[in-house]
Amino acid sequence: MLAGTTWDFSASEWSGPDSAASQRCSVRSDVTASRPGAESSFSGSDTARLQEQQLVRGLPGRRFRPELHGLRGLAILGVVLFHLFGAGRVSGGIDIFLAVSGFLFTAMLLREAAETGGRIDVGRYLSRLARRLLAPAVLVIGVTTVVGFFVMPVTDRLQLLAEARASLLYFENLELLRAQMSYEAAGAGTSPFQHFWSLSVQGQFYLVWPVVAILAVWIAKRVRRSATTIMMLLVGLVLVASLIYAIYMQTISQDQAYLMTRTRLWELAFGGLLALLAARMTVPAVIRPLVGWIGLGLVLTAGFALDGAQVFPGPLALWPLAGFAFIIISAGPAGAALDHPWTAAKLLSARLLAWIGDLAYGLYLWHWPLLIFYLEIRDYPAVGVRGGLLLFFLSLCLAWLTHRFVETPIGIAKALPQWRQLAVAGGGIAVGAAALSAVLLFTSPPIPDGYTMTGVDSEQYPGADAIESSVIKPVPAAEIYPALDSIAQDQPTYHQWGCRQKVGNDPGSGAVLVCEDLNKPENPSATVMLAGGSHAGQWHHAFSLLAEQNNWELLVVDKSGCRFGPLEDPENNTCDQWNRDFVKVVQERSPDLVVTPGTVAFQSGPKEHIWDGAPDRWEEITETGTDLLLMRATPRPEQDAPQCLASGKSPSECGPDFSVFEDQNPLEPYGQQDSIHTVDMTDRICPAQECPAVIGNVAVYRDDSHLTNAYVETLAPYLDEKLQRQIPDLY
């Protein structure tokens, strides 16, 4: 992981500051052939000694590598500076850190496993990991949670606690994936724990990699080969498999590929393979300086030449990783200590970069929450130059304080019994995780069951009923409903039924799933099918109320993030596949009416319009004999409306801009056809061409795109009126 203490490869990536050598990185690049007189777990026979020599042949040795420590300092500078001033780009520094972790841990673990005949002291391994890494992380997690509880919007508190727990237990990358959050540039509303995704990847690696080293030794003993050779094969297999999977996942979802451990494992394996091959990878002394400068150039230019957030961890991540490899190779067998002053390796060994390397872990931990809190407090979309410099200085100061008063004292706590170190670390994690889980359990609002407005005072919370003649009439003062801290739960009930096709391009996600009517009448007078993406599904509660009143069967066919459109590549694009196969479901189920959004209205880009290719899908539906209802788009706020309201802004400031609508409804020409009908609910969402985020004390939006169930339910009577005029045969 990223840490400010030093490396001790007898047990951990980080070593304490209790010795001079522990103030820097140290690895072994000499080749161990035999160890006469050393203790061994093998028998004393000549055959056993030969087998031992064969097993340990080629093991990476231990020596001090100041250039590696300096590279760590340079890489962390890149990460921090790009976060502060990179306008959303990434430096490639995290990719280098993953490779460095693989380099160091592969060498250390294989050496211990081979020299003991296939054993690793798990207690010592875990205690040193905890001693070097856990305390600074716990400190930052605790401070971030407390500060975030007061600084972040009330709508983010539950997610803040969930991510604090995930960061403490090293599965933050999995939590981001679960919450369908992508790796985003810093901004108001961005998670202050987002940067823990990479530490989680490394933490998961630390638990798995000892097994790989032990397996390599076990196989090597049975096939009578060196452990290094077998480890090379295993690490190579991991590298190839993970890289192939990363390339595949990038075709499915770049957001998922960026955060997944399985897609990042190849970068750790790259470092591991380099550690095993480093002693064999020599270049002539005359060109070593050139190789080093090329490597340094690759490291420095990766963030400028590549949009890492869009292309990593695919093959283009080899750009910064190749730079790392060239720097290692350029140092030569004697290392950077004996290099000329004008070499890249010597530059990376400079005192300033070594000092930054000492503070690297703390600098990485502190800079991101400071940045997010600064943007949240100042309500800025991005940090300026002066703000960025201030944040960098504060991060550096906190990193130094953490190194001086947390990492250093705890790093020299080796005198404590090993069991006590593990007990303190394990107990601390358990208590922290249990406390966060308890808070989440008792503060998480229940998932609504049934209609949101059931039992709510309609006089105090009239919602759409508050609109008369395009004017919102005054209503009694009251808190916004649903409550802002639970509004994210106010989603259509069919989301909980397991029949909603998920967003993205995962295999199988193009299948057309049907959400059945759980309250289907015995003899329905009509079957209505809501179809499309979430902007069709947001009307579920209104149509459900009407279905109960009119003896309809209501079906929902929703693929999240997909709308009716062109069939460009149905073999590879699951949304296109869903579009292609939807008409088959219509033919099978024979609904009387299919309901879907007819236009889209984004806050950025073109004004309200009909999605390309949608009319072709509409025609396919009506050709089956089914009527089609096209609903005019609901405008989308420029920001998350509940977060905006929680920040103290007014409903008018937090709502969407009416100007996204065309002056004339683009659906009107289609409504002239016998089997196509149109409904426009704009007058009840944007009265008098104003679209407030709250109407009649009821929140209109649950996020930056979708209507709340509560407001949709208050729209049901007005939708009913329009449907009776448009489609009287349905009644």
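Residues numbered from 1 in each chain as written. Predicted model: local features only at pLDDT ≥ 70, side-chain atom pairs only at ≥ 80, totals over all residues. Heavy atoms only, no water.

Enquirer: Can you tell me about the overall build of the chain, naming the residues and giving the values?
Expert: Scanning the chain for helices and strands turns up 25 helices and 15 strands. Counting across all 731 residues of the chain, residues that qualify as buried make up 56%. Of the contacts made within the chain by residues no fewer than 6 positions apart, 78% connect residues no fewer than 24 positions apart. With an accessible surface of roughly 30200 Å², the chain has 58% of that area assigned to carbon and sulfur atoms. Across the chain, the mean location of the 52 positive side-chain charges is 20 Å away from that of the 71 negative side-chain charges. (Helix = DSSP H or I, 4+ residues; strand = E, 2+ residues; numbered from the N terminus. Buried < 20%, exposed > 50% of the residue type's maximum accessible area, 1.4 Å probe, protein only. Contact = heavy atoms within 4.5 Å. Areas by Shrake-Rupley, 256 points an atom, 1.4 Å probe, with all protein chains shown as cover. Lys, Arg positive; Asp, Glu negative; His and termini not counted. Charge placed at Lys NZ, Arg CZ, Asp CG, Glu CD.)

Enquirer: Pulling in residues and values, what's your account of the pairing of strand S10 (residues 552-558)?
Expert: Within S10, seven of the seven residues are buried, which leaves it mostly tucked inside the rest of the structure. Across the two faces of S10 the burial is the same, with Trp552, Leu554, Val556 and Asp558 and Glu553, Leu555 and Val557 all buried. In terms of strand pairing, strand S9 (residues 526-532) meets S10 through seven bridges, oriented parallel. Along S10, the bridge assignment pairs Gly532 with Asp558. (Pairing = 2+ DSSP bridges.)

Enquirer: So what about the sheet that holds S9? Which residues, and what values?
Expert: In space, the five strands of this open sheet follow the order S10-S9-S11-S12-S13, with parallel pairing throughout. Since the sheet does not close on itself, it has two edges, and those belong to S10 and strand S13 (676-679), each with one partner. If you compare each strand with its neighbour and ignore which way they point, the axes differ by 20 degrees on average. With four bridges joining them, strand S12 (residues 627-631) and S13 adopt parallel strand pairing. (Axes fitted to C-alpha atoms, helices over the stretch in contact; angles between N-to-C directions.)

Enquirer: Residue-level account of helix H18 (residues 418-443), with values.
Expert: Look at H18: 37 Å from first C-alpha to last across 26 residues, which is about the 38 Å you get at 1.5 Å a residue. Listing the buried residues of H18 in full gives Gln421, Ala425, Ala433, Leu436 and Leu440. On its buried side, H18 packs onto helix H4 (122-151) and helix H5 (157-168). (Expected span 1.5 Å × (residues − 1).)

Shape is all these values report; function is a separate question.
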